[in-house]
Amino acid sequence: MEEEKKKHEEQDVIRLVKENDQINREKLALKQELELARKAYEDCCVKMETKAKGAEQELEVRLKDVMHLLTESRKRVNELEAYSESKNLHWNKKEHIYQRFTEFQLGALQELRLASQSIKQDILETQKSYLDEFHRLEKSYKTLVDASENYYAVVAENRKLHNEVQELKGNIRVYCRIRPFLPGQMGKESTIEHIGENGELNVLNSSKQGKDGHQLFKFNKVYGPDTTQAEVYSDIQPLIRSVLDGYNACIFAYGQTGSGKTYTMTGPDGASEEEWGVNYRALNDLFHISQTRRKIFAYEIELQMVEIYNEQVRDLLSSDAVPDASLHPVKSTSDVVDLIELGLRNRAMAATALNERSSRSHSVVTIHVHGIDMKTSTSLRGSLHLVDLAGSERVDRSEVTGDRLKEAQHINKSLAALGDVIFALSQKSPHIPYRNSKLTQVLQNSLGGHAKTLMFVQLNPDLHSYAETTSTLKFAERVSGVELGAAQSNKQNREIKDLMEQVASLKDIIAKKDEEIERLQLLKEPKSVHQHVNSEKHVYGSSSPRKNFIGGIPPQTLKLSGGNGSGLTEAASDHHNCLDYSDKDSELSPRQSFDMFKHQKEPVRQSKPARGNRGRNISVDSEILGFGDTENKDTLSGISCSGLSAGPDIDRLAESNHSSKGVKPLENTDNGCAKFSRF
Ligand SMILES: Nc1ncnc2c1ncn2[C@@H]1O[C@H](COP(=O)(O)OP(=O)(O)OP(=O)(O)O)[C@@H](O)[C@H]1O
């Protein structure tokens, strides 16, 4: 045990020696390590010391700099403080100034606001007045524009018309129109050899040899068979338009039966607008122009349509028994179409061998235009007669007898009378034989005076109608040589119109007084009728105002002294009627002419009780009406020596009448009526 203890002790000693070695070794290593650490520490301390010294030096430099900067900054701060102080003072001053200025500005602004409000008010008021003024100006400007538009249109039209008037001055215009061959007549030989540019017309009769077969005529214009209705109308349009300026115009269609008179004046049956004749186109045109002038003129247009058949005037627009030629106001073309169609239906037709719907009457469409210039109150009256004459064919060729012969004789008589009137006008004869036929009576105003007259000469190109054609052309050629003088417009201004009305009423008063004196004289001297007649003649002398009635006829003398008062138809047809138009009354308007027809009835009823003495009445009336012998002789010579008959056939017809009855000077019949001994 001991041993073992010893052994353990030995082992412990060995272990302890070993451990001591180990600790010594470790102690040495640690000593070395410590030495190294101490050396590293000393190095580090030296380094740090050096570094600290460097840093200290650097910091000192920097401190110096900072101190310097600080001093500088303090200096600047002081400076800035001083500056700011001065600025502050300055701003305070400025603020004070601004404050005062703002206060002042606010005051001024307030004032300005007030001023602006009042100015605004003023502006609104001015604007309103400007607007009013502007509207007024706009209105007047519009009126001026309209007026100027119309003015220029009117001026242009007037200029055109002026030229036409110049052109028309003088001769009756004659336009010749050749109708085409009708279906079924194709292959027929034509008499028309050549139509010249300037109104020349060569007709040819192939059955005659050499020179005799050719004849040359010259008119204002010749229309070939292909001419359209519109082309024809465009040539006469200015004449028709002049009616709106107060002119009277008359357009005839003359020619043998079936030569196209109705076609030219009205158009074919059931005509389309393109085929419309002069009648429709004229009215259409008049409406159109009256519309364009509506700002300047107020127009009224009225229409009448009569036919003259066997020397009787018949109203075509009235189916009533009323005999007066009715006047129909028209406002549109359709009114016109309806009226003319009614008239055409009423027109007397009768068949002849030449034309199955041959019109054996003259048809007269009359357009009355009354215009008032709205500015000057000048009134104007124009009228247009559109006459479709009855056929001028030869009686023998018409193969007519009995009633048809009578019709033909009447037609030829009235055409001869028309020729006589035209010739008398051309001769500037003091007596124009208007009353030789109803046709010339109705057309009186549009033939003489200051009317414009145009004649369409219608031709049938058929060689078979050669004789008719040449006789028609000869008549037309003579008509074309007739000079009527310059046309004049029927304008009357308000003052003249008022004065005329005053004069008329004064004349009425004087006439009434005259009658009273007459009545009193009759009461005083019931037996001295003869003396009374003489005294009345004196009263009706040139110094008497009665002589000055329009047209030279006192109203009470426009009566049928010997008629039965049955009105227009009978008045027109009855040769015993004393009513006629004085040849001096060519200034009467066509309206007045028709009015005379209207007045025929009433005075007849009055004539007996008013006058009491038929013989005296007759002598007075016949004198007033111009039935004096000398004048009537002139009438007759005018008829027979005119050299302007309605062609050889008409002459022949007249001769045949003369030979049976003999040509005698005009004579007064028992009842005081002038009788034309030729018919
Ligand atoms: N220019 C034309 N173009 C075509 N047809 C025409 C022309 N002129 C006339 N006619 C025709 O010729 C025929 C006879 O014409 P219209 O009846 O006009 O003759 P008119 O001279 O008036 O006869 P009347 O003397 O018997 O009244 C009609 O059928 C018509 O349509």
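Residues numbered from 1 in each chain as written. Predicted model: local features only at pLDDT ≥ 70, side-chain atom pairs only at ≥ 80, totals over all residues. Heavy atoms only, no water.

Let us look at the sheet that holds strand 3 (residues 200-204). An order of 2-3-4 is seen for the three strands of this open sheet, with the pairing classed as antiparallel. Where the open sheet ends on each side, the last strands, each with one partner, are strand 2 (192-195) and strand 4 (214-218). Taking each pair of neighbouring strands and ignoring which way they run, the sheet shows an average axis angle of 20 degrees. Pairing of strand 3 with strand 4 involves five bridges; the strand directions are antiparallel. The partner of Asn202 across the bridge, within strand 4, is Leu216. Contacting strand 3 and strand 4, helix 10 (residues 466-480) runs over the sheet at an angle of about 35 degrees to strand 4. (Pairing = 2+ DSSP bridges. Helix = DSSP H or I, 4+ residues; strand = E, 2+ residues; numbered from the N terminus. Axes fitted to C-alpha atoms, helices over the stretch in contact; angles between N-to-C directions. Contact = heavy atoms within 4.5 Å.)

This part is about the confidence of the model for the protein chain. It should be kept in mind that the predicted coordinates are not to be read in detail where pLDDT is low. Per-residue pLDDT for the protein chain has a mean of 72; in total, 68% of the residues score no lower than 70. Here residues 353-358 is modelled with pLDDT under 50, and outside its nearest four sequence neighbours on either side it reaches 17 contacts, counting other chains as well. Scored below 50 in pLDDT, residues 528-679 makes 281 contacts in the model with residues more than four places away or belonging to other chains. (pLDDT = per-residue confidence, 0-100.)

Glancing now at the pairing of strand 6 (residues 248-255). Judged by how many residues are buried, strand 6 sits mostly within the fold: eight of eight residues are covered. The side-chain alternation of strand 6 yields two buried faces, one formed by Asn248, Cys250, Phe252 and Tyr254 and the other by Ala249, Ile251, Ala253 and Gly255. Here six bridges tie strand 6 to strand 11 (residues 379-388), and the two strands are oriented parallel to one another. Residue pairing in the sheet places Asn248 in a bridge with Ser383 of strand 11. In terms of strand pairing, strand 6 meets strand 12 (residues 452-459) through seven bridges, oriented parallel. In the strand pairing of strand 12, Tyr254 is matched with Val457. (Buried < 20%, exposed > 50% of the residue type's maximum accessible area, 1.4 Å probe, protein only.)

To continue, consider the environment of Leu316. Within the secondary structure, Leu316 sits in the loop between strand 8 (312-315) and strand 9 (328-329). Sequence spacing of Leu316 and Val365 is 49 residues, and the spatial spacing of their C-alpha atoms is 9.4 Å.

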